[in-house]
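Structural description and commentary
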Amino acid sequence: MEVRGIRNNNPGNLNYVGQAGAHLEKGVHPRFAVFATPEAGLMALRGQLLRYNQRDGLDTVAGIIGKWAPPSENDTASYIEGVSHALGVTPDQKLGPFTPHLVAGLMRAIILMENGKNPYGPLVDRVAGVKEAAA
């Protein structure tokens with residue numbers, strides 16, 4: 001059985017809040033969104049990160065992950081440490097502009113923390129808007 005986030009095409013394990021094209025997962029304790037495709041789930045993950053930055057002004061790993069994975073239901077300190085390490089920054093370091101490369105890095109780190117693996121390969125970069133290098 002595949003892990004929940006990957007099974008739901010929701011690699012960020014976003015709660016269901018009526019996202020377009022998504023539905024509430026089935027099961028005993030339904031809570032998370034189910035997207036039609038991995039790409040749709042990755043786009044939702046990207047969109048949430050951009051909202052945290054643009055709407056909420058969050059620009060550090062500690063700020064973003066503190067909201068993404070609150071201590072009431074996560075080991076937030078370990079999550080922050082894992083994402084910070086993956087990005088090569090300190091938890092309270094300002095990340096700067098949310099470029100496609102930064103967003104892709106955040107997405108990859110969150111996918112790994114949420115699912116224990118990242119089966120999406122270059123799809124993450126494409127969804128984040130990273131342009132392929134010229135050959």
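These figures come from a predicted structure and were not determined experimentally. (Residues numbered from 1 in each chain as written. Predicted model: local features only at pLDDT ≥ 70, side-chain atom pairs only at ≥ 80, totals over all residues. Heavy atoms only, no water.)

**With respect to unusual backbone geometry**
Trans is the prevailing form of peptide bonds, just as negative phi is the prevailing case for residues other than glycine. Let me state the cut-off plainly: Numbering goes from the N terminus for both helices and strands, where a helix is a DSSP run of H or I of at least four residues and a strand is a run of E of at least two. Only protein chains enter the accessibility calculation, which uses a 1.4 Å probe. A residue is then buried if its area is under 20% of the maximum for its type, exposed if over 50%, and partly exposed in between.
A positive phi angle is found at Asn 9, which is not glycine, with a value near 55 degrees. Topologically, Asn 9 is positioned in the loop between α1 (4-7) and β1 (22-24). The buried category is assigned to Asn 9, whose relative accessible area is 16%. One non-glycine residue, Asn 13, lies in the positive phi region at around 50 degrees. Along the chain, the position of Asn 13 falls in the loop between α1 and β1.

**Details of the pattern of salt bridges**
Put simply, the rule reads: In the sections that follow, a salt bridge refers to a side-chain nitrogen of Lys or Arg positioned within 4 Å of a carboxyl oxygen of Asp or Glu.
All told, the structure shown has 7 salt bridges when counted by the stated rule. As a salt-bridge pair, Asp 59 and Lys 94 come within 3.5 Å of each other at their nearest N and O atoms. Here Lys 94 lies in the loop between α4 (76-87) and α5 (100-115) and Asp 59 lies in the loop between α2 (38-54) and α3 (61-68), a separation of 35 residues in the sequence. Asp 59 sits in the partly exposed class, given a relative accessible area of 21%. Under the relative-accessibility criterion, Lys 94 is labelled exposed at 59%.

**Side note on the nonpolar core**
What counts here: Put simply, buried Ala, Val, Leu, Ile, Met, Phe, Trp, Tyr and Cys residues joined by side-chain atoms within 4.5 Å make one nonpolar core. Residues are treated as being in contact if the distance between any of their heavy atoms lies within 4.5 Å.
Counting 37 residues, the largest nonpolar core has Leu 42, Ile 64, Ile 65, Trp 68 and Met 107 as its most contacted members. Mapped onto this core, the elements with two or more residues apiece are β2 (33-35), α2, α3, α4, α5 and α6 (122-128). Among the elements that take part in this core, α5 stands out by supplying 8 residues, more than any other. Contact partners of Ile 64, with chain neighbours within four places excluded, come to Leu 49, Tyr 52, Leu 58, Leu 95, Phe 98 and Leu 106.

**Details of α5**
Heads up, the condition is: A helix is expected to span 1.5 Å for every residue after the first.
Spanning 16 residues, α5 covers 22 Å between terminal C-alpha atoms, matching the ideal 22 Å at 1.5 Å per step. Where α5 is concerned, the buried positions are Leu 102, Val 103, Ala 104, Gly 105, Leu 106, Met 107, Ala 109, Ile 110, Ile 111 and Asn 115. The secondary structure elements touched by the buried residues of α5 are α1, α2, α3, α4 and α6.

**Notes on the layout of surface pockets**
Inclusion rule: Cavity: a set of points on a 1 Å grid over the protein atoms alone where a 1.4 Å probe fits but cannot get out. Pocket: an open set with protein on both sides within 12 Å along at least five of seven lines, its lining residues, like those of a cavity, having an atom within 4 Å of a point. Grid points are joined across faces, edges and corners, and a volume is the space filled by probe spheres set on the points. Under the convention adopted here, Pro, Cys and the residues Ala, Val, Leu, Ile, Met, Phe, Trp and Tyr are nonpolar, Asp, Glu, Lys and Arg are charged, and Gly plus all remaining residues are polar.
Put simply, the largest pocket is a space of about 320 Å³. The wall of the largest pocket is formed by 17 residues, among which Asn 13, Leu 14, Asn 15, Arg 31 and Trp 68 lie closest to the centre. Elements supplying a minimum of two residues to the lining of the largest pocket: α2 and α3. In the lining of the largest pocket, the residues fall into 7 nonpolar, 6 polar and 4 charged.

**Digging into the packing of α3 against α4**
Test applied: Between N-to-C directions, angles cover 0 to 180 degrees, with each direction set by a line fitted to C-alpha atoms, over the stretch in contact for helices. Orientation labels follow simple angle bins: below 35 degrees gives roughly parallel, above 145 gives roughly antiparallel, 65 to 115 gives roughly perpendicular, and whatever is left gives oblique. Take the far helix as the reference: if the near one is turned anticlockwise from it by less than a right angle, the crossing is left-handed, and if turned clockwise, right-handed.
The interhelical angle for the contact between α3 and α4, taken along N-to-C directions, is 135 degrees, at an axis separation of 9 Å. Considered as vectors, α3 and α4 are oriented oblique to each other. Between α3 and α4 the crossing geometry is right-handed. Contacts from Val 61, Ala 62, Ile 65, Gly 66 and Trp 68 in α3 reach Thr 76, Tyr 79, Ile 80, Val 83, Ser 84 and Leu 87 in α4. Of the residues contributing to the contact of α3 with α4, the split by class is 8 nonpolar, 3 polar and no charged.

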